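Below, each chain spelled out in residue letters.
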Amino acid sequence: MDVSQSYREAWEGFWSATSDTPGEAIWDSEPELTSVRDSELLLPYADASLPVVDLGCGNGTQTRYLATCFARAIGVDLSHAAIEHARRADRAGVAEFAQLNLVDGDAVQALHERIGDTNVYMRAVIHQSEPAARPAVAAAVATLIGKRGRAFVTELTPASKTVLQQAAQAPGGPPAKLRRVFEHGLKPASATEEEVPELLLAAGLTTLATGDRALAQTEYLPDGTRIDLPARWFVLAAD
């Protein structure tokens, strides 16, 4: 299967219109608030001598940090513009970046054949994927980790939609970074509470650990409060 043309264009348009300034994308938080803490949850279960693949890497902020924790780090994203951002930002060449459509099972399998079993890091990809594509995204995680890899997956819960709606109704309308998300037709927090764990289970993944944690954003409310979005995380292995 494939993603729709409108979905592909939405992401290409968003990243094409985004500058190289760190934090311009609302989810482009500093690693200290995201992948540092996430890695602390994943590493007790993972073999760090295996590579890690950052699915939906965007401009590669988290991928570059993951490269300090694992033998090799590869960031992949549907958007060509995002990958170009990531390559420009990685001046030291600590990570690798490539375009990949996660719902293209053949392409995902080809990546697995090239690098072998790998760890996976995926932050907030399923919730904004088109509903028909979500099973394939979960299946991509299972394909890539194989038997030896482990995955860290975190996804927004429906409570995030309430937070975003409240932010959008603030005096003066949505904050600028959130407004850009809406203007490009991106749809955050559209998965149900039960959908994500069911998709992971159906893909042949076993949950080794799970918990709740807010995803820090780079945007603030008029009173200076940072927007934090409720999310649930999973550490996963193959059945």
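Reference entry: report on the structure contained in this document. Position labels on residues start from 1 in each chain and follow its written sequence. In keeping with the predicted nature of the model, local features appear solely for residues at pLDDT of at least 70, side-chain atom pairs appear and are counted solely at 80 or more, and the whole-chain, interface and lining totals rest on all residues. Only hydrogens and water are removed before side-chain values are computed, so all heavy atoms of the structure are retained for them.

1. Topic: the sheet that holds strand β4 (residues 119–123)
Overall, mixed pairing links the seven strands, which are arranged β3-β2-β1-β4-β5-β7-β6 in an open sheet. Each edge of the open sheet is held by one strand with a lone partner, namely β3 (96–99) and β6 (205–220). Neighbouring strand axes in the sheet, compared pairwise and without regard to direction, differ in orientation by 20° on average. Think of it this way: DSSP has to see at least two bridges between two strands before they count as a pair. Every helix listed is a DSSP run of H or I at least four residues long, and every strand listed is a run of E at least two residues long, numbered separately from the N terminus. Summarising the sheet, strand β2 (residues 73–77) and β3 pair through four bridges and their orientation is parallel. Bridged to G75 within β3 is F97. Whenever a helix is involved, its axis is fitted only over the stretch in contact; in every case the axis is a line through C-alpha atoms, and angles between N-to-C directions fall within 0 to 180 degrees.

2. Digging into the pattern of salt bridges
Every case where a carboxyl oxygen of Asp or Glu lies within 4 Å of a side-chain nitrogen of Lys or Arg is listed as a salt bridge. Under the definition given, this model contains ten salt bridges. Close ionic contact of R134 with E195 constitutes a salt bridge, the shortest N to O distance being 3.1 Å. Remark: E195 occurs in helix α9 (residues 195–202) and R134 occurs in helix α6 (residues 134–145); sequence separation between them is 61 residues. The pair formed by R134 and E195 is uniform in burial state, with each residue classed as buried. For R179, the salt bridge identified is with E183, shortest N-O distance 3.9 Å. Of the two residues, R179 and E183 both sit in helix α8 (residues 176–183), four residues apart, roughly one turn of that helix. Accessible area is worked out with a 1.4 Å probe on protein chains only. A residue is then buried under 20% of its type maximum, exposed over 50%, and partly exposed in between.

3. Looking at unusual backbone geometry
Comment: phi is negative for the bulk of residues other than glycine, and the bulk of peptide bonds are trans. Phi at A124 is positive, roughly 60°, even though this residue is not glycine. When you line up the elements, A124 lands in the loop between β4 and α6. Owing to a relative accessible area of 19%, A124 belongs among the buried residues under this scheme.

4. Comments concerning the nonpolar core
By size, the foremost hydrophobic cluster in this structure holds 55 residues, and its most contacted members are L55, V120, M122 and L200. Sorting elements by how many residues they give to this core places α6 first, with eight residues. Of all hydrophobic cores here, the second largest spans 18 residues; its members include C57, L66, A95 and A209. The criterion is simple. A nonpolar core is a set of buried Ala, Val, Leu, Ile, Met, Phe, Trp, Tyr and Cys residues joined through side-chain atoms within 4.5 Å.

5. Considering the side chain of T18
Secondary-structure assignment places T18 in the loop between α1 (5–16) and α2 (35–42). We classify T18 as buried; its relative accessible area is 7%. Pairs of N or O atoms are called polar contacts if they sit within 3.5 Å, as long as, within protein, a hydrogen donor faces a hydrogen acceptor (for residues adjacent in sequence, only side-chain-to-side-chain pairs). Here R180 takes part through its side chain, which lies 2.6 Å from a polar atom of the side chain of T18. Not counting chain neighbours up to four residues away, the residues in contact with T18 comprise E24, H85 and R180. When checking whether two residues touch, look at their non-hydrogen atoms; a contact exists if any pair is within 4.5 Å.

6. Observations concerning the state of the cysteines
Formally, a disulfide is one covalent bond, and it connects the sulfur atom of one cysteine to the sulfur atom of another. By definition, disulfides here are pairs of cysteine sulfur atoms that lie within 2.5 Å. Applying the stated rule across the entire model yields zero disulfides. There is no disulfide at C57, and the cysteine sulfur nearest it, in C69, is 16 Å away. The class of C57 is buried, set by a relative accessible area of 8%. C69 sits in the buried class, given a relative accessible area of 19%.

7. A short note on the side chain of R134
Looking at R134, the relative accessible area reads 2%, which means it is buried. Aside from chain neighbours lying at most four places away, what touches R134 is I126, H127, S129, S190, A191, E195 and L199.

8. Describing the environment of T154
Here T154 is to be found in strand β5 (residues 151–156). On the basis of relative accessibility, which here comes to 3%, the residue T154 falls in the buried class. Here the alpha-carbon distance between T154 and F182, two residues 28 residues apart in the chain, equals 22 Å. When residues no more than four places from it in sequence are discounted, the contact partners of T154 are M122, R123, A124, L215, A231, R232 and W233. Engagement of the side chain of T154 in a polar contact is seen with the backbone oxygen of R232, the distance being 3.5 Å.

9. As for the packing of α6 against α9
Close contact between α6 and α9 brings their axes to 8 Å; oriented N to C, the two are set at 55°. Judged by the angle between their axes, α6 and α9 are oblique. Viewed along their axes, α6 and α9 form a crossing whose handedness is right-handed. Across the interface between the two elements, R134, P135 and A138 from α6 touch E195, L199 and L200 from α9. Charged means Asp, Glu, Lys or Arg here, nonpolar means Ala, Val, Leu, Ile, Met, Phe, Trp, Tyr, Cys or Pro, and polar covers whatever is left, Gly included. Looking at the contact of α6 with α9 residue by residue, the classes come out as four nonpolar, no polar and two charged. For this classification, under 35 degrees means roughly parallel, over 145 means roughly antiparallel, 65 to 115 means roughly perpendicular, and everything else is oblique. Working rule for handedness: look at the near helix, and if it is turned counterclockwise from the far one by less than a right angle, call the crossing left-handed; if clockwise, right-handed.

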